[in-house]
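# Residue-level structural notes
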Amino acid sequence: MSALQHQHDRKTGEVWERLAMVTDPELDEPVTELGFVEQVSVDHDDGVEIVFRLPTYWCSANFAFLMADDMRRAVSSLPWVREARPQLRDHMVAEEINKGVREGMSFGEALKDFASGGSLDELREKFRRKAFERRQETMILALRGLGYEDPAICRMDLSTFDAINFDSEEIARQKPRYRELLVERNLGNLAGDRAFVTYDGCTIKRHEMVSYLQRLRGVRINMEFNSSLCRGLLAVRYRDVDGDRSSQTPGPCGGCGSGCAAQSVGPAVLKAHSAALV
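What you are looking at is a predicted structure, and each value in this text was computed from that prediction instead of being measured.

### Side note on the overall build of the chain
Looking only at helices and strands, one finds eleven helices and three strands in the chain. For the chain, the N- to C-terminal ordering of α and β elements is α-α-β-β-α-β-α-α-α-α-α-α-α-α. Put simply, the chain has 278 residues, and 45% of those count as buried. Long-range pairs, those at least 24 residues apart, make up 65% of the contacts in the chain with a sequence separation of at least 6. Summed over its atoms, the accessible surface of the chain is roughly 14,300 Å², and 50% of this surface lies on carbon and sulfur atoms.

Below, the structure is given as structure tokens:
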């Protein structure tokens, strides 16, 4: 392998690593693991093109814009990148989203017809809360599995939490992701800070733990349902049938929150989907 090819492969790998830090805003799962990113290419002038697609043609425009903008920001943070160009394909407003993100427009400027009520900052905050609560529930249940009782969990500080080793590979992966959001929320900067507080920084009291976890369980079930639905729809949409993808009929995207094309799936699935989004 030539030195030039080695450098190109290294840069491509770095781009994929940054993209793995970008999550679907509702599902809190990396866009790379969800299979949304189709292709990454680095040109000779250190411009980066990221081709991605979503489960349906009708997936919510604001969600699509958020992911495109997050991809641009994540990849642009690499010091050698001259320009990051996310390219959404097979979507009803792909052209508007691609142009808007490329030119640094706000969502409202790029898609005036779709910017109904609230800003994208408000939407980001809504789903950041969901991500926090899902990750937190994962850690609390993991601690319960290790034998920790609720009073000990409620008063646990970060120095104690950080010292705990989890045998599960998945739990070990989620631990720093939870800590990341604690720091981001300015809730966990000191060793003596509580490891488990609400998203708004309030103490979780022992007698509240059961009802608190019930609410977090609802958040997780909603996100897991939508994740499974999105993965399935993406797989069906881009599965070759006799070499012809055009014959695939997209269904509603569980992660878009917009209802999408409800007519393309059965009533039972739609009923479950609607209930999960409440």
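### Remarks on the environment of D162
Within the element layout of this structure, D162 appears in helix α8 (residues 158-162). Residue class for D162 comes out partly exposed when judged on its relative accessible area of 37%. Spatially, the C-alpha atoms of D162 and K175 are 8.7 Å apart, while their sequence positions differ by 13 residues. Leaving out residues up to four positions away in the same chain, D162 has contacts with K175 and R179. There is a polar contact of 2.9 Å between the side chain of D162 and the side chain of R179.

### A few points about the sheet that holds strand β1 (residues 37-42)
Read from one edge of the open sheet, three strands run β1-β2-β3, paired in mixed fashion. Two strands close off the open sheet at either side, each with one partner strand: β1 and β3 (83-89). Each adjacent strand pair in this sheet contributes to an overall mean axis angle of 15°, direction not counted. Sheet contacts for helix α1 (residues 3-19): β1 and β2 (47-53); angle to β1, the most-contacted strand, approximately 140°.

### Details of the confidence of the model for the chain
Of the residues in the chain, 83% reach a pLDDT of 70 or more, and the chain-wide mean stands at 85. Under a pLDDT of 50 for its full length, residues 240-278 has, in the predicted model, 75 contacts with residues more than four places off or in other chains.

Criteria and thresholds
Each chain carries its own residue numbering, running from 1 in the written order of its sequence. Two thresholds apply to this predicted model, a pLDDT of at least 70 for residue-level local features and 80 or more for giving and counting side-chain atom pairs, whereas whole-chain, interface and lining totals are computed over all residues. Only hydrogens and water are set aside; all other atoms, that is, all heavy atoms of the structure, feed into the side-chain values. Counting from the N terminus, the helices are DSSP H or I runs at least four residues long and the strands are E runs at least two residues long. Relative accessibility under 20% of the residue-type maximum defines a buried residue, over 50% an exposed one, and the middle range a partly exposed one, all with a 1.4 Å probe and only protein chains included. The criterion used for residue contact is that any of the two residues' heavy atoms lie within 4.5 Å. Values of accessible area rely on a 1.4 Å probe in the Shrake-Rupley scheme; residue burial ignores everything except the protein chains shown. As used in this structure description, the phrase polar contact means that two N or O atoms lie within 3.5 Å; if the pair is within protein, one of them must be able to donate a hydrogen and the other to accept it, and residues adjacent in sequence are counted only when both atoms belong to side chains. Here, any two strands with at least 2 DSSP bridges between them count as paired. Angles run from 0 to 180 degrees between N-to-C directions of axes, and those axes are lines fitted to C-alpha atoms, restricted for helices to the stretch in contact. Per-residue confidence from the predictor is reported as pLDDT, which spans 0 to 100.

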